[in-house]
Amino acid sequence: VEPQRAAAMAAAFRAGVMCAQVSGAAPGRVLKALARAPQARAAVWRRSSGVRRSSALLDASPAGLPRFGAIKAEDVVPAVTTALEEFQTGVAALNARFGGAAGDGGRAAPTVAEAAELTDAIERLYDPLSRVWGAVSHLNGVAQTPELRAAYEEVQPRVTEALTRFSQSVFPALAAVRDAPGVLDGLDGARRRVVELNVLSAELAGAGLPEAEREALTALKVGVGAAGSRFTNNVMDAVTPQAFALDLADAADVAGMPRSVRAAAAHAHEDEAATADAGPWRFTLDASSFMPFMRHCRRRELREHMYRSYVAIASTGDRDNQPIIREILAKRRQVAALLGYPNYAEVSIAPKMAPDAATVVALLERLRDKCYDAARTELARLHAFAVDGGYDGGDALALWDVPFWSERQLEATFALGDDVLQPYFSLPRVLAGMFATVERVFGVRVVAADGDAEVWHPDVRFFHVEAAGSGERVASFFLDPYARPGSKRGGAWMDVCVSRSSVVGEGLRLPVAYLVCNQSPPVGGGDALMRFAEVETLWHEFGHGLQHMLSEVDVGLVSGTSGVEWDAVELPSQFMENWCYHPPTLRAMTAHVETGEPLPNALIANLRASRVHNAAMAMLRQLFLARLDLALHMAPAEADADAAAATLDDPFAVVHDVAARYTLTRPLHEDRFLCQFMHIFSASYAAGYYSYKWAEVLSADAFAAFEEAGLDDDAAVREAGDRFRRTVLARGGAQHATEVYRAFRGRDASEDALLAAYGLQSHAAAPSASASVSV
């Protein structure tokens, strides 16, 4: 399960790429006024519009957190409207008083002190709106109702437009800082990065374009944002039980399924008398139901029915995303043309760690060449295994056969399966083991703090993070672990609730994170038992959370994950997954639900060995998705709207073109998986899905540093952990990811460790010069 962290605009907040609208403002004067925000903004608002309305969205709790227990759908439109009006009124007043770019009319170039005031003022102006909209976006993803969805869709275009104009209009002031001799170099590293990132962001928002083209670009961005929201809603609706449910009453249909799978299916059925053993059982297209079904259902015709339904999600009727896909791709071609890029892929990659699309394609091709033959061998062995097991489906396994027989092969080879492993992995025990590991490696302690913050669902937990030695609080986080089809978006993600900052408010504001997963909920009153893939996902998201929470940067626009290059942001999360295969860590986070015994050594050995089970096939799948994403977004830029749509290649034909080189079993002719590919059509991975593999190279190489030090040497692990914390986790977006990684590792990352982790290559004695990720 890959993390699908926020919708596109929420991710834009996180990246810190939207800035204050101080167009034409001379830095030396504007920012002294802005430094008085928010009091000055509130005063302007009261004079122009009367008393400021109060609501649960506008007024934070005493702890400075959203008041989730009080927020209602009807609060959204008036609260966001108020936040936008306060924001825009304050900006207009400032621009009226301080109009004109630095250098105009004899105005002096900004000084270093004025430049620092500018960056801080941008953050102060931006923060209140981002806090309100961030809470709305979060609730729309985890606690959606028809009323909340309607309110979100009503205000989202306005927020998108305001933030796009925001970025465009700050350009003159920031460019003056960039161009003034010695000023940019005179800023501290964090504020220098704020200027650099936001100048680039402003350029990508059209700041350098003539007014007509800038307005056209803004309209395109608003249109893409609205289309992405419709895309997500269609997917969410298409996986509800109301849209599709496979109800089974015959015990033969669920024979061989782990009891936990049958229990979850019985729990999902509308029959309150349903039980794991007697049924009836309900399976849906939500990943938490669909994936176990495909791995364990013995009835081939039922697997085929479920698979065909799955690849048709959101592709018919009122929920058809096919026209939305074409609309988004056409608009992105226009965006690229307006910005002067050859295609949208280059637009997307411009602020990332990779230098250009050609470099990314080269990486994908190298990895494809390394894994393709190995994947073909794995598939041949799987087919032979299936035939020995009674498979009579012909000379090849169908797409709906591969998960089932791969699971059987895993069980036969390693004596592993959900029924074997799941009883050892209860959520409380996994959390305890994970928290013990971060204390050992990074020197921080996690403490339960339920009740210290309002939550949006009874299952949500709240925790504080403290320095292990002093007990000083350094951060907090929410954990929302369970799937709720229909109201909660699928996947797993980390998002920002509050950023670390000494710029906003009084003193140092500590970071707070949202950690969201979609694992199977507890059944029958006991603790939730986790599949091993769900364990890895939890550790993955906690890795993202650690980068947000252990930041030592006090400028909010580049603290935590904000400002981190998108193709490097998966480094801490994928790094943390490696600990799930470390024997002492496995023992610490497991206890059999009946006996209390930790995972036996034999199962630990098998689990570690299973990591390379069909690993080349898994890598090839990820490479296919990454290459497909790039192919869709490398269509030539086209300024004319009609031509952009008319000359667009059929996206589903592109799927089959890429599949011819990057898959072993071709997709069905009627496959419409693109219609649920939220990563690239409604989240932040457009021409960026490759980021998973790019960052996996970094994470494998980073974990190799710990292996070289000795994973069971506490002092050596702590020394490596301190170095990782001081660099990768602490520096956030305040320094380019390439520089951060070199500070940790002393060199660029090598692909060798990743290939070794997949069983495709032994660890090299030294990184090979031809296999490094560097820019």
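What this report covers is the structure whose coordinates are included nearby. Please read these numbers as outputs of a predicted model, since none were measured by experiment.

Examining the overall build of the protein
Helices and strands together make up the secondary structure of the protein, namely 31 helices and nine strands. Taking all contacts inside the protein whose residues are at least 6 apart in sequence as the whole, residues at least 24 apart take part in 75%.

Here we look at the pattern of salt bridges
Counting across every chain of the model gives 44 salt bridges. Taking the shortest distance from any N to any O, the salt bridge between Asp188 and Arg191 comes out at 3.0 Å. Note that Glu365 is salt-bridged to Arg661, the shortest N-O span being 2.6 Å. Of the two residues, Glu365 is situated in helix α16 (residues 357-388) and Arg661 in helix α26 (residues 651-662); the sequence distance between them amounts to 296 residues. Classification of Arg661 by relative accessible area gives partly exposed; the value is 35%. Residues participating in the shared-partner salt-bridge network are Glu365, Arg368, Asp369 and Arg661.

Quick word on the packing of aromatic side chains
Here the structure, examined in full by the defined rule, presents 41 aromatic pairs. When the centroid spacing of 5.0 Å and the interplanar angle of 10 degrees are considered together, the rings of Trp133 and Tyr152 count as stacked. Linking Trp133 in helix α5 (residues 112-142) with Tyr152 in helix α6 (residues 146-169), this pair joins segments that are 19 residues apart in sequence. Counting every residue linked through ring pairs, the aromatic cluster contains Phe442, Phe575, Trp579, Phe703, Phe706, Phe724, Tyr741 and Phe744. Sitting above the plane of the Trp493 ring, Arg489 keeps its charged end 4.0 Å from the centroid. In this structure, Arg672 packs its charged tip against the face of Phe652, placed 4.3 Å from the ring centre.

Brief notes about the packing of helix α29 (residues 714-729) against helix α30 (residues 737-745)
The N-to-C vectors of α29 and α30 enclose an angle of 165 degrees; their axes lie 9 Å apart at closest approach. Classed by the angle they form, the pair α29 and α30 counts as roughly antiparallel. The hand of the α29/α30 crossing is right-handed. Along the contact surface, α29 presents Ala720, Arg723, Phe724, Thr727 and Val728, while α30 presents Val740, Ala743 and Phe744.

Examining the sheet that holds strand β6 (residues 493-498)
Spatial strand order, β3-β4-β5-β7-β6: five strands in an open sheet with mixed pairing. Every interior strand has two partners, whereas the edge strands, β3 (444-448) and β6, have only one. Going from strand to strand, the sheet's axes swing by 25 degrees on average, the running direction of each strand aside. Note that β6 and strand β7 (residues 512-519) share five bridges and pair antiparallel. Within the sheet, the bridge partner assigned to Asp495 lies in β7 and is Tyr514. Relative to β6, α5 is tilted by about 145 degrees, and along the sheet it contacts β5 (473-482), β6 and β7.

Examining helix α24 (residues 615-633)
Here α24 spans 28 Å end to end across 19 residues, near enough to the 27 Å set by a 1.5 Å rise per residue. Here α24 lies mainly inside the structure; 16 of its 19 residues are buried.

Remarks on the side chain of Asp127
As for its placement among the helices and strands, Asp127 is situated in helix α5. Accessibility expressed as a relative area gives 9% for Asp127, which makes it buried. In this structure the side chain of Asp127 is engaged in a polar contact, spanning 3.1 Å, whose partner is the side chain of Arg509. If near-sequence neighbours (up to four positions away) are discounted, Asp127 is found in contact with Val504 and Arg509.

Here's the deal with the packing of α16 against α24
Contact geometry of α16 with α24 gives a least axis separation of 7 Å together with a crossing angle of 140 degrees. In terms of orientation, α16 and α24 fall into the oblique class. Read as a crossing pair, α16 and α24 show a hand that is left-handed. In this structure, α16 uses Val360, Val361, Leu364, Leu367, Arg368, Cys371, Tyr372, Ala374, Ala375, Glu378, Leu379 and Leu382 to contact α24, whose residues at the interface are Ala615, Ala616, Met617, Met619, Leu620, Leu623, Ala626, Arg627 and Leu630. Residue composition of the contact of α16 with α24, by class: 18 nonpolar, no polar and three charged.

A few points about the environment of Pro667
Locating Pro667 in the fold gives a position in the loop between α26 and α27 (678-681). Since its relative accessible area comes to 15%, Pro667 is described here as buried. Distance in space between the C-alpha atoms of Pro667 and Ala398 is 9.8 Å, their sequence separation being 269 residues. Ignoring anything within four residues of it in the chain, the contact list for Pro667 reads Leu399, Val655, His656 and Ala659.

Here's the deal with the nonpolar core
Judged by nonpolar contacts, the single largest core of 167 residues is most densely connected at Phe283, Phe425, Phe442 and Phe477. For Phe442, the contacting residues outside a window of four places in its chain are Leu546, Leu550, Phe575, Met576, Arg718, Gly721, Phe724, Arg725 and Leu729. Judged by nonpolar contacts, the second largest core, of 69 residues, contains Ile122, Val136, Tyr152 and Ala190.

Conventions used here
Residues numbered from 1 in each chain as written. Predicted model: local features only at pLDDT ≥ 70, side-chain atom pairs only at ≥ 80, totals over all residues. Heavy atoms only, no water. Helix = DSSP H or I, 4+ residues; strand = E, 2+ residues; numbered from the N terminus. Contact = heavy atoms within 4.5 Å. Salt bridge = Lys/Arg side-chain N within 4 Å of Asp/Glu carboxyl O. Buried < 20%, exposed > 50% of the residue type's maximum accessible area, 1.4 Å probe, protein only. Phe/Tyr/Trp six-rings, centres within 6.5 Å; stacked < 30°, edge-to-face > 60°. Lys NZ or Arg CZ within 6 Å of the ring centre and 35° of its normal. Axes fitted to C-alpha atoms, helices over the stretch in contact; angles between N-to-C directions. Parallel < 35°, antiparallel > 145°, perpendicular 65-115°, else oblique. Left-handed = near helix turned anticlockwise from the far one by under 90°. Pairing = 2+ DSSP bridges. Expected span 1.5 Å × (residues − 1). Polar contact = N/O pair within 3.5 Å; in protein donor to acceptor, adjacent residues only side chain to side chain. Nonpolar A, V, L, I, M, F, W, Y, C, P; charged D, E, K, R; others polar. Core = buried A, V, L, I, M, F, W, Y, C linked by side-chain atoms within 4.5 Å.

Read these as spatial facts, not as claims about activity.
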